[in-house]
Amino acid sequence: MNIIVNDQPMTLSAPMTVQQFLEHQLLEPIERPQSGTALAINQTIIPRSEWQTHQINDGDAILLFQAIAGG
């Protein structure tokens, strides 16, 4: 299964949820999500409450970033 993570191509050996991906598949320099970390798949924010159930699909483009408040 081929995906894109922060503009970097990546191959997953098996289907997994967002939470499983974050716990087991992250590459440097991406680090474990901390408070304020947001994740979008195909330009749609995935709420943290759905990370344990939302499945990553072949061809997904994932953005993992630090949410910043401002005005």
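### A word on the sheet that holds strand β3 (residues 37–41)
Pairing is mixed in the open sheet, where 5 strands are placed in the order β2-β1-β5-β3-β4. Of all strands in the sheet, those with a lone pairing partner are β2 (8–11) and β4 (44–45), marking the two edges. Pairing geometry for strand β1 (residues 2–5) and strand β5 (residues 61–66), over 2 bridges, is parallel. Within the sheet, the bridge partner assigned to Ile4 lies in β5 and is Ala61.

### Considerations on the confidence of the model for the protein
Per-residue confidence for the protein gives a mean pLDDT of 85; residues scoring 70 or more make up 80%. The element-level mean pLDDT for the protein is lowest in helix α1 (residues 18–24), coming to 87, with β4 highest at 96.

### Here's the deal with the pairing of β5
Within a regular strand, side chains alternate between the sheet's two faces. Here β3 runs beside β5; their pairing, made up of 5 bridges, is antiparallel. Paired with Thr37 across the strands is Gln66, a residue of β5.

### Re the pairing of β1
Alternating residues of β1 divide into Ile3 and Val5, all buried, and Asn2 and Ile4, none buried. Where β1 meets β2, 4 bridges bridge the pair, whose relative direction is antiparallel. Each residue of the ladder has a partner; that of Ile4, found in β2, is Pro9. The hairpin turn running from β1 into β2, its antiparallel successor, is 2 residues long, and Asn6 in that turn takes a positive phi close to 45°.

What counts, and where the lines are drawn
Residues numbered from 1 in each chain as written. Predicted model: local features only at pLDDT ≥ 70, side-chain atom pairs only at ≥ 80, totals over all residues. Heavy atoms only, no water. Pairing = 2+ DSSP bridges. Helix = DSSP H or I, 4+ residues; strand = E, 2+ residues; numbered from the N terminus. pLDDT = per-residue confidence, 0-100. Buried < 20%, exposed > 50% of the residue type's maximum accessible area, 1.4 Å probe, protein only.

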